[in-house]
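What follows is each chain in one-letter form.
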Amino acid sequence: MSSHARRLVVEPEQDGFRLDNFLTALLPDHSRSQIQRLIKDGHLRGPGTPKPSSMVHTGQEFEKVSKDTERDYFMSAEEAKDYHLIDKVISHV
């Protein structure tokens with residue numbers, strides 16, 4: 001798991017929830033529309049390609065990636081690679 005991510009695991013009582021509702025319950029500081037935007041903007045990693053209406057099942061794991069890139073947060077090329085924003089760092093010698 002990335003140091004810029006939060007791990008979220010589906011518990012048995014959450015089985016069958018819509019993904020956006022599951023996340024809204026776990027992340028009360030975000031509205032459902034904010035959660036839907038996080039999902040659509042790729043700030044959530046999980047099985048397959050997560051969609052707001054996807055059903056979650058017991059044991060599934062998701063990572064909510066921090067939205068550091070939306071503010072004046074600058075990172076080195078190596079940090080961007082670790083954050084999975086880029087695939088590789090090209091340096092000229």
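Residues numbered from 1 in each chain as written. Predicted model: local features only at pLDDT ≥ 70, side-chain atom pairs only at ≥ 80, totals over all residues. Heavy atoms only, no water.

**Points about the sheet that holds strand β2 (residues 44-45)**
The 3 strands lie next to each other as β1-β3-β2, forming an open sheet whose pairing is antiparallel. Edge positions in the sheet fall to β1 (5-9) and β2, since each of these pairs with one other strand and no more. Pairing of β1 with strand β3 (residues 61-65) involves 5 bridges; the strand directions are antiparallel. Across the sheet, the residue bridging to Arg6 is Lys64, located in β3. Where helix α1 (residues 19-26) meets the sheet, it contacts β1, β2 and β3, and its direction lies at approximately 110 degrees from that of β1. (Pairing = 2+ DSSP bridges. Helix = DSSP H or I, 4+ residues; strand = E, 2+ residues; numbered from the N terminus. Contact = heavy atoms within 4.5 Å. Axes fitted to C-alpha atoms, helices over the stretch in contact; angles between N-to-C directions.)

**As for the confidence of the model for the protein chain**
For the protein chain, per-residue confidence averages 83 on the pLDDT scale, and residues scoring 70 or more make up 84% of the total. Least confident of the elements in the protein chain is helix α3 (residues 77-82), whose mean pLDDT is 78; most confident is α1, at 93. (pLDDT = per-residue confidence, 0-100.)

**A few points about the nonpolar core**
Soluble globular proteins tend to bury their nonpolar side chains together. Leu8, Val10, Leu19, Phe22, Leu23, Leu27, Ile35, Leu38, Ile39, Leu44, Val56 and Phe62 together form the largest nonpolar core, which totals 12 residues. Elements represented by at least two residues in this core include exactly α1 and α2 (32-40). In this structure Leu23 touches Leu8, Ile35, Ile39 and Leu44, once residues within four positions along its chain are discounted. (Core = buried A, V, L, I, M, F, W, Y, C linked by side-chain atoms within 4.5 Å. Buried < 20%, exposed > 50% of the residue type's maximum accessible area, 1.4 Å probe, protein only.)

**Describing the packing of α1 against α2**
The contact between α1 and α2 brings their axes to 9 Å, and the two run at 120 degrees. Regarding α1 and α2, the two cross each other, and that crossing is right-handed. Taking contact as the criterion, the partners of Leu19, Asp20, Asn21, Leu23 and Thr24 in α1 are, on α2, Arg32, Ile35, Gln36 and Ile39. Taken together, the residues of the contact of α1 with α2 break down into 4 nonpolar, 3 polar and 2 charged. (Left-handed = near helix turned anticlockwise from the far one by under 90°. Nonpolar A, V, L, I, M, F, W, Y, C, P; charged D, E, K, R; others polar.)

**Comments concerning the packing of aromatic side chains**
Tallying each qualifying case throughout the model produces 1 aromatic pair. With centroids separated by 6.1 Å and ring planes inclined at 50 degrees, the aromatic side chains of Phe22 and Phe62 adopt a geometry described as tilted. Remark: Phe62 occurs in strand β3 and Phe22 occurs in helix α1; sequence separation between them is 40 residues. Assigned by exposure class, Phe22 and Phe62 land together as buried. (Phe/Tyr/Trp six-rings, centres within 6.5 Å; stacked < 30°, edge-to-face > 60°.)

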